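Per-entry structural report
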Amino acid sequence: MNQNGSGFLRVRVTEASGTLPIEGAVVRITDYPAEGESDSGRLLYSLRSNADGLTPVVSLPAPPAGDSRVPGAAQPYAVYNISVTYDGYYPVEGVGVPVFDRVTAVQPVNLLPYSEEDRIAGADSGRVMIYEFPDTESLQPGGVTRGEIGNSNGTVTGGVRNGGDR
């Protein structure tokens, strides 16, 4: 796929259904694995959210916008994975985040805090919230499909996967 364009991505990290920003969350942006690969891709950026819950805007390769006007051309956007961690909260993985040429996307990520029961049960040692984005058939890595989770609209909001499945 031609990746001669550039798109931009910023991540907004919050809690309480998006109302409270989280400062200091670690946000990692990686390549989306190619077809048939099982690893999570090469690390492109490791960032921290600021007091407003925002990461710096980063530039990422994307297909040129002009390619989207060519019949039969490949998808007009690139996809990346993001992971967000913050002490005391479930980690989040965003799978297949789209990035378009010359567009700045702001990807919201809402973190959920561990409850005391979760800590006792060991949830803070290896479980992760997973979010899926449109046009991805399975959640990578791990290969959990939409059908297995039961939500076919392209967004998994709160699926939990054990860390041993990575």
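Residues numbered from 1 in each chain as written. Predicted model: local features only at pLDDT ≥ 70, side-chain atom pairs only at ≥ 80, totals over all residues. Heavy atoms only, no water.

With respect to the overall build of the protein chain
Across its full length, the protein chain carries two helices and twelve strands. Secondary structure of the protein chain in N-to-C order comes out as β-β-β-β-β-β-β-β-α-β-β-β-α-β. The burial tally for the protein chain puts 39% of its 166 residues in the buried class. The long-range fraction of contacts in the protein chain, counting pairs at least 24 apart against all pairs at least 6 apart in sequence, stands at 63%. (Helix = DSSP H or I, 4+ residues; strand = E, 2+ residues; numbered from the N terminus. Buried < 20%, exposed > 50% of the residue type's maximum accessible area, 1.4 Å probe, protein only. Contact = heavy atoms within 4.5 Å.)

Here we look at the packing of aromatic side chains
Taken as a whole and judged by the stated rule, the model has two aromatic pairs. Ring centres 5.1 Å apart and planes at 45° place the aromatic pair tyrosine 77 and phenylalanine 100 in the tilted group. Taken as a pair, tyrosine 77 in strand β6 (residues 77-85) and phenylalanine 100 in strand β7 (residues 92-100) lie far apart in primary sequence, 23 residues in all. Accessibility expressed as a relative area gives 12% for tyrosine 77, which makes it buried. When the ring of tyrosine 86 is compared with that of tyrosine 89, the centres are 5.5 Å apart and the planes differ by 55°; the resulting orientation is tilted. (Phe/Tyr/Trp six-rings, centres within 6.5 Å; stacked < 30°, edge-to-face > 60°.)

Looking at the environment of serine 83
Here serine 83 shows up in strand β6. Each C-alpha atom, one on serine 83 and one on valine 26, is 8.0 Å from the other, the two residues being 57 residues apart in sequence. Serine 83 has contacts with Val26, Val27, Arg28, Val92 and Glu93, leaving out every residue within four places of it along the chain.

Keep in mind that these numbers describe shape and distance, not what the molecule does.
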